[in-house]
Amino acid sequence: MDPRFEIHPEASAASTLDKAFYLDPEVWALARERIFARCWHWLGALDDVTEPGSLAPRDVLPGLLDEPLLLARDAGGTLRCLSNVCTHRGNLLVQAPCRAKDIRCGYHARRFGLDGHMLSMPGFEQAQNFPAASDHLPVLPLHTFAGHGYAAIDPAAPFDAFFGEVRDRLAGLPLDGLIADPSRSRDYRFDAHWALYVENYLDGRTSPSCMPASHARSTSASTATSSSATPTCSWPKHATARKPSSCPLARPTTAGASRPTTSGCSRT
Ligand code: FES
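Residues numbered from 1 in each chain as written. Predicted model: local features only at pLDDT ≥ 70, side-chain atom pairs only at ≥ 80, totals over all residues.

*Asks:* Describe the overall build of the protein, with residues and values.
*Replies:* Secondary structure summary: the protein contains 6 helices and 12 strands in total. Considering only residue pairs separated by 6 or more positions, the protein has 59% of its internal contacts joining residues 24 or more positions apart. (Helix = DSSP H or I, 4+ residues; strand = E, 2+ residues; numbered from the N terminus. Contact = placed C-beta atoms within 7 Å.)

Rendered as structure tokens:
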């Protein structure tokens, strides 16, 4: 590891990261490859892929990873997460949720099954060694939890290593019965390096100096709770009630804007 970015495991001996972590484009590219491509990412609610033959695009971390993915539920009901990029010339395959028997590229009509296998390609009848494994759409690891999907491009660890404890701690809540209310979602946009936001979240000193009123309320509530004889949930002290913003992955992807217009779904 670059010695500028080594963090002492003892907080009392650690110091602020070198500014290159926030400013150096090479470090930014490394973070994309070694951090974000290796994490599990939220794909949003799966309401749009409940029926056999459902297809729904997702764009993972727009502006950072920009990875076009495609949720596809086959006729047998199996849900997969495929690459949404045609293996011929990189055209975006599906741009909006739809139902279909297969996936047809709108550029040169390559067709794929809902499991990602390439089925046919006009004009390639005489092509040798075709289709090769690289002609099929890559299938990404996919997990579902409480009606939401999570995928990883190159996971550094299994899904449970990231979410197992969360799942255990929320086991008593009727998560599968919850219905999203978009009118109560809020987006908060920050023009800042992603690490600054994470640091702000983790740093307990932010609250008393920047938000003294809410800090006073939270500490008095905490005192009241600790004196109660009734057992309560033991959330970590730094865990504030954070409502997820509306899913940026549900927006039409911008990745296709520079690509040829496609239809994507072969209508049933
Ligand atoms: S880009 Fe040519 S068939 Fe998809």
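*Asks:* Help me get a handle on the nonpolar core, residues and values and all.
*Replies:* Ranked by size, the top nonpolar core spans 27 residues in total, and within it Leu-69, Leu-70, Leu-71, Leu-93 and Ala-151 carry the most contacts. Put simply, the parts of the chain that give this core at least two residues each are strand S2 (54–60), strand S3 (67–73), strand S4 (79–83) and strand S11 (148–151). Residue contributions to this core peak at 4 residues, all from S3. With residues up to four places along the chain from it excluded, the contact list for Leu-70 reads Leu-55, Pro-57, Leu-82, Ser-83, Asn-84, Leu-93 and Val-94. (Core = buried A, V, L, I, M, F, W, Y, C linked by C-beta atoms within 7 Å. Buried ≥ 20, exposed ≤ 12 C-beta atoms within 10 Å, placed from the backbone.)

*Asks:* For the sheet that holds S11, give the residues involved together with the corresponding values.
*Replies:* Across the sheet, 3 strands lie side by side as S1-S11-S10; this open sheet has antiparallel pairing. Edge strands, defined here as strands with exactly one partner in the open sheet, are strand S1 (41–45) and strand S10 (142–145). Shown here is a sheet whose adjacent strand axes are inclined to one another by a mean of 25°, direction ignored. Two strands pair when backbone bridges link them, and S1 and S11 are joined in this way by 4 bridges, in the antiparallel orientation. Its bridge partner being in S11, Ala-45 is matched across the sheet by His-148. (Pairing = 2+ DSSP bridges. Axes fitted to C-alpha atoms, helices over the stretch in contact; angles between N-to-C directions.)

*Asks:* A description of unusual backbone geometry should follow, citing residues and the corresponding values.
*Replies:* Each neighbour pair has its own omega, and for Phe-130 with Pro-131 the value is 0°, a cis peptide bond. Residue placement: Pro-131 occurs in the loop between strand S8 (118–120) and strand S9 (139–140). In this structure, Leu-61 takes a positive phi of about 45° despite not being glycine. Of the residues examined, Leu-61 has 17 C-beta atoms within 10 Å and is grouped as partly exposed. For Asn-129, which is not glycine, the phi dihedral falls at a positive 50°. As for its position among the elements, Asn-129 is in the loop between S8 and S9. Judged by the 6 C-beta atoms lying within 10 Å of it, Asn-129 is exposed.

*Asks:* Go over the sheet that holds S2, please, and point to the residues and values.
*Replies:* Across the sheet, which stays open at both edges, the 5 strands sit in the order S5-S2-S3-S4-S9 with antiparallel pairing between neighbours. Only two strands of the sheet have a single partner each, and these edge strands are strand S5 (98–99) and S9. Of the strand pairs in this sheet, S4 and S9 are connected by 2 bridges, and their pairing is antiparallel. Bridged to Leu-82 within S9 is Val-139.

*Asks:* Explain the pairing of S3 to me, and be specific about the residues and the numbers.
*Replies:* With 7 of 7 residues buried, S3 is to be regarded as a mostly interior element. Here S3 shows two buried faces, one formed by Glu-67, Leu-69, Leu-71 and Arg-73 and the other by Pro-68, Leu-70 and Ala-72. Adjacent in sequence and paired antiparallel, S2 and S3 are bridged by 6 residues, among which Leu-61 carries a positive phi angle near 45°. Sheet topology note: the S3/S4 ladder contains 5 bridges and is antiparallel. Its bridge partner being in S4, Leu-71 is matched across the sheet by Cys-81. Linking two consecutive strands that pair antiparallel, namely S3 and S4, is a turn of 5 residues; a positive phi of about 100° is found at Gly-77 within it.

*Asks:* Please provide a residue-by-residue account of the environment of Pro-174, values included.
*Replies:* Of note, Pro-174 is situated in the loop between helix H3 (159–169) and helix H4 (194–202). C-alpha of Pro-174 to C-alpha of Ala-146: the two residues are 28 residues apart in sequence and 8.7 Å apart in space.

*Asks:* If you had to explain the environment of Asp-48 to someone new, which residues and values would you point to?
*Replies:* Structurally, the position occupied by Asp-48 is in the loop between S1 and S2. Asp-48 sits in the partly exposed class, given 18 other C-beta atoms within 10 Å. In this structure the C-alpha to C-alpha distance between Asp-48 and Leu-71, which are 23 residues apart in sequence, comes to 9.2 Å. With residues up to four places along the chain from it excluded, the contact list for Asp-48 reads Ser-54, Ala-56 and Pro-97.

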